[in-house]
Amino acid sequence: MQTFSEIAEIQPLASRIITNSIQKSRVSHAYLLQGERGTGKEAIALLIAKRVFCEQPDGVEPCNHCTNCKRILSGNHPDVHIIEPDGQSIKKEQIEYLQKEFTYSGVESSQKVYIVKNADTLTVNAANRILKFLEEPSKQTTAIMLTDNSQSIIPTVRSRCQVIDLQPLSSDRFQEQLLHAGMSQAHARLMSALTNNVEEALHWNEGEWFAEARKVMIQLIEIVTSKPNDVFLFIHHNWLTHFSERNQQEQGLDLLLLAFKDILYYHLDYKDAMVVFEEQDEKLKQAALTFSPEKLLSILQAILEAKQKLKQNIHPTLVMEQLTLHIQR
Amino acid sequence: MKFIVQRDKLIASVQDVMKAISARTAIPILTGMKIEAKKNGLLLTGSNSDISIESHIPVEEEGIVHIEQIEEGSIVLQARYFPEIVRKLPEKTVEVEADANLNVTIRSGKAEFNLNGQDADEYPQLPKLQTDESFELPIDLLKNLIKQTVFAVSTMETRPILTGVNLKLEDNKLSFTATDSHRLASREIPMDSTNVSFSSVVVPGKSLNELSKILDDSEETVEISVTNNQILFRTKHLNFLSRLLDGNYPETSRLIPDQSKTVIHIKTKELLNTIDRASLLAKEDRNNVVKLTTKSNQIVEITGNSPEVGRVVEEVNVDSIQGEELKISFSSKYMLDALKAIEYDEVKIDFTGAMRPFIIRPANNDPILQLILPVRTY
């Protein structure tokens, strides 16, 4: 994504806010771009930086081929500072570097742009240090903070930035991208329900773990419908061994949620929306006979609650046992 | 790009430029060294974004040809490898050639190196120098100005503007001021032969330290010009650029008291040595405090005291004491720094009471000024 018009296709609102402020030369001193992974935060941040430094801007668009634009893309522009987490979080030294940078004049121009990636990983101390400079920006400084998780930005930082919300990618467009990358139609649909990051989806699609996970999940539904007595054994032997990590457990529940949603859609005859099952699947018909729509609603509720419990650090075995009890009841 | 250059010339230039290059930088291109070949010579550039050093090798100098077969162009080479290669090459001349794909070939005798270069367009563009907006200073004077002020800059980043030296050129007077809010050092020199003036630029203390290391005593004058973001110090072969500190330097002239209640004239060396001895028993975690007490008959007493360690008393003869009696405590470290900076044999110290800052000046009224805040003791 090299131009604002390209951004406008995915992020019409954000693109309009920013292009308008550029046109009226009212670029804010600090932006907070929040949106999920793959929504184009970095592309927008780099575009703003390029537009600020571009030698021959074409309206709101940077030219993308002057030395300034090229250097911003290659990370070599001396007045554009990009801070990304070093490991888990943004470290104190990185903020100290930034602080020093604030006190110096620019290298080539009096403009300065700094981009803080994953601003939610700033520790509270680090965030408070940055605060000083958000509060009293020196002339012609633009701060762009990027985050996936807007809730972890401390309110004092948030209140000093112009917040721009990026909307999640539409799943149709995302599916198109996945199909373009060579994924099958069925897989692309499932992936688009689980994530909106192309790389993550492709990574899952290639690995064995995800295929196995899908199999285990379908087996669970099968066992619940056909051999209810074996279900605890199955949970202990297959489910918990396969979904061992926290994020894997959450993903397992996501998959289960999608499957039960499909069964409900089958009842409602809303077959276009199904993502896990094919329309002609025997297992699906079997499951639809077993669960009434009312029952399905309460199961969906229970799965959401189970996810919540995992987040609250309740033991995963207990969570799964309780969930299966609820499904059986 | 292509040129053949005398190896010793290249080594000297590379060494100068390397002083600005650091291995850890935020911008990847700055780990490299820019080499620019032009009709009139070679220009090498190194930078860590705070300071940049450019070194120029002319085509010929006093009839001796340094560079031959120049084809214009520029390239950025890895500073980790290039200097070592140049140093260890076998012959007296070095041939450097870069092709359109940024491949660089370095030849000397039968040795041949192929290095991957980087695009010179990626390198930061240093501000163009404007010679009409510049003024000249003898190098030894500039070094002196730096030496007499730069020690007083703040080392703490809490007030970043104080980590620099404030330069001012107004009414044909050039002044250097540095303070860390506990002490202040300043010096003024007359500048008659210039019509340039600027009200206040703040140059980082670190940059000035580097500058005084790199300036060669054998050359005579340095040309200084100030742009919006950078200050340029220019000698015959060397351009030294430093970024400036952003912000307003505090108004320091009002801090300097214009009246005094007690004036002491004293030999610099004697006072320096006495305070140095007294500071032996002044503890570092308590600001190295020593105490000065005026006695009658042109004698002052210097004491250092740490209850856990011991006590030192020494009397010094002074040339004259005028005004009220005085007991004052101050940091021996600041006092030593200040006395060392004044390179005259006799100093005049103006006190305005035990709780007010005092000023140390050379006895002959040369405009060097050192101001120190006293320490409150009981």
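Scoring rules and cut-offs
Residues numbered from 1 in each chain as written. Chains lettered and ligands numbered in written order. Predicted model: local features only at pLDDT ≥ 70, side-chain atom pairs only at ≥ 80, totals over all residues. Helix = DSSP H or I, 4+ residues; strand = E, 2+ residues; numbered from the N terminus. Contact = placed C-beta atoms within 7 Å. Nonpolar A, V, L, I, M, F, W, Y, C, P; charged D, E, K, R; others polar. Pairing = 2+ DSSP bridges. Axes fitted to C-alpha atoms, helices over the stretch in contact; angles between N-to-C directions. Domains from an automatic or database assignment. Core = buried A, V, L, I, M, F, W, Y, C linked by C-beta atoms within 7 Å. Buried ≥ 20, exposed ≤ 12 C-beta atoms within 10 Å, placed from the backbone. pLDDT = per-residue confidence, 0-100. Parallel < 35°, antiparallel > 145°, perpendicular 65-115°, else oblique. Left-handed = near helix turned anticlockwise from the far one by under 90°.

Chemist: Looking at this structure, how should I read the overall build of chain A?
Modeler: Broken down by element type, chain A carries 16 helices and five strands. With the C-alpha coordinates of chain A rotated into their principal frame, the extents come out at 75 × 40 × 35 Å. A separation threshold of at least 6 residues defines the contact pool for chain A, and within that pool the share at least 24 residues apart is 67%.

Chemist: What exactly am I supposed to notice about the interface of chain B and chain A here?
Modeler: Accessible area lost upon the coming together of the parts serves often as the stated size of an interface. With 20 residues of chain B at the contact, the number on the chain A side is 18 residues. When its residues are assigned to classes, the side of chain B that touches chain A shows nine nonpolar, five polar and six charged.

Chemist: Help me understand the sheet that holds strand S14 (residues 173-179) of chain B in this model?
Modeler: Note: strands within a sheet are paired through backbone hydrogen bonds, in either parallel or antiparallel orientation. Residues and elements named next belong to chain B. Taken together, nine strands build an open sheet; the order of strands is S16-S13-S14-S15-S28-S27-S26-S20-S24 and the sheet is antiparallel. Lying at the two open borders of the sheet, with one neighbouring strand each, are strand S16 (198-204) and strand S24 (320-323). For this sheet, the mean inter-axis angle between neighbouring strands, taken without regard to orientation, is 15 degrees. Pairing of strand S13 (residues 164-170) with S14, which is carried by five bridges, proceeds in the antiparallel orientation. Note that in S14 the partner of Glu 170 across the bridge is Lys 173. Relative to the sheet, helix H3 (residues 139-149) contacts S13, S14, strand S15 (183-190) and strand S28 (368-372), its axis offset from that of S15 by approximately 160 degrees. On top of the sheet, helix H6 (residues 332-341) reaches S15, strand S27 (358-362) and S28; it is set at about 175 degrees to S28, its chief contact.

Chemist: Can you walk me through the domain arrangement of chain B in this structure?
Modeler: Residues and elements named next belong to chain B. Taken domain by domain, chain B consists of domain 1 (2-122), domain 2 (131-243) and domain 3 (256-372). Taking the mean C-alpha position of each, domain 2 and domain 3 sit 28 Å from one another. Counting from both sides, the interface comprises ten residues of domain 2 and, opposite them, ten residues of domain 3. Mapped onto the side of domain 2 that touches domain 3, the elements with two or more residues apiece are H3 and S15. The element that contributes the greatest number of residues to the side of domain 2 that touches domain 3 is S15, accounting for six residues. For the side of domain 2 that touches domain 3, the per-class residue count stands at three nonpolar, three polar and four charged.

Chemist: Could you clarify how one ought to interpret the domain arrangement of chain A in this entry?
Modeler: Domain boundaries assigned for chain A yield domain 1 (4-165) and domain 2 (207-328). Between the C-alpha centres of domain 1 of chain A and domain 2 of chain A the distance comes to 42 Å.

Chemist: Help me understand the nonpolar core, please; the structure alone is not making it clear to me.
Modeler: A general tendency of soluble globular proteins is for nonpolar side chains to be buried together. Counting 91 residues, the largest nonpolar core has Met 33, Leu 42, Val 165, Val 203 and Ala 338 of chain B as the members making the most contacts within it. Not counting chain neighbours up to four residues away, the residues in contact with Ala 338 of chain B comprise Arg 183, Ala 185, Ile 360, Gln 370 and Ile 372 of chain B. Core analysis: the second largest hydrophobic core is formed by 87 residues, Ala 143, Cys 161, Ala 259 and Phe 260 of chain A among them.

Chemist: Sorry if this is basic, but what is going on with the confidence of the model for chain B here?
Modeler: Detailed reading of the predicted model is not advised wherever pLDDT is low. Summing up the model confidence of chain B, the mean pLDDT is 88 and the portion of residues at 70 or higher is 98%. Interface predicted TM-score (ipTM) for the complex: 0.77; the corresponding pTM is 0.77.

Chemist: Looking at this structure, I do not really get the packing of helix H8 (residues 171-180) of chain A against helix H9 (residues 185-194) of chain A. What am I missing?
Modeler: The angle between the axes and the distance between the axes are what describe a pair of packed helices. Residues and elements named next belong to chain A. Packing of H8 against H9 brings their axes to within 9 Å, and their N-to-C directions diverge by 135 degrees. Overall, the two elements H8 and H9 adopt an arrangement that is oblique. Remark: the crossing between H8 and H9 carries right-handed chirality. Within the contact between the two elements, H8 uses Ser 171, Phe 174, Gln 175, Leu 178 and Leu 179 and H9 uses Gln 185, Ala 188, Arg 189, Met 191 and Ser 192. A per-class count over the contact of H8 with H9 returns five nonpolar, four polar and one charged.

Chemist: Please explain the sheet that holds strand S2 (residues 80-83) of chain A as it appears in this structure.
Modeler: Residues and elements named next belong to chain A. The five strands lie next to each other as S2-S3-S4-S1-S5, forming an open sheet whose pairing is parallel. A single partner strand is all that each edge strand has here, and the edge strands are S2 and strand S5 (162-165). Strand-to-strand twist across the sheet, computed as the mean angle between neighbouring axes with direction ignored, equals 15 degrees.

Chemist: Hey, could you run me through the pairing of strand S26 (residues 346-351) of chain B in this one?
Modeler: Successive side chains on a regular strand alternate, one facing one side of the sheet and the next facing the other. Residues and elements named next belong to chain B. As paired elements, strand S20 (residues 262-267) and S26 share six bridges and run antiparallel to each other. Along S26, the bridge assignment pairs Ile 266 with Val 347. Relative to S27, S26 runs antiparallel, the two being bridged by four bridges. In the strand pairing of S27, Val 347 is matched with Pro 362.

Chemist: I would appreciate a short explanation of unusual backbone geometry in the present structure.
Modeler: If a residue is not glycine, its phi is most likely negative; likewise, a peptide bond is most likely trans. Residues and elements named next belong to chain B. Phi at Leu 102 is positive, roughly 65 degrees, even though this residue is not glycine. Considering the arrangement of structural elements, one finds Leu 102 in the loop between strand S9 (93-98) and strand S10 (103-108). Given 15 C-beta atoms within 10 Å, Leu 102 falls into the partly exposed group.

Chemist: Just to check I follow, could you spell out the pairing of strand S3 (residues 41-47) of chain B for this structure?
Modeler: All names here are of chain B. Judged by how many residues are buried, S3 sits mostly within the fold: five of seven residues are covered. The pairing of strand S2 (residues 32-38) with S3 spans five bridges and is antiparallel. When the bridges of S3 are listed, Lys 38 appears paired with Gly 41. Hairpin connection, S2 to S3: the antiparallel pair is bridged by two residues.

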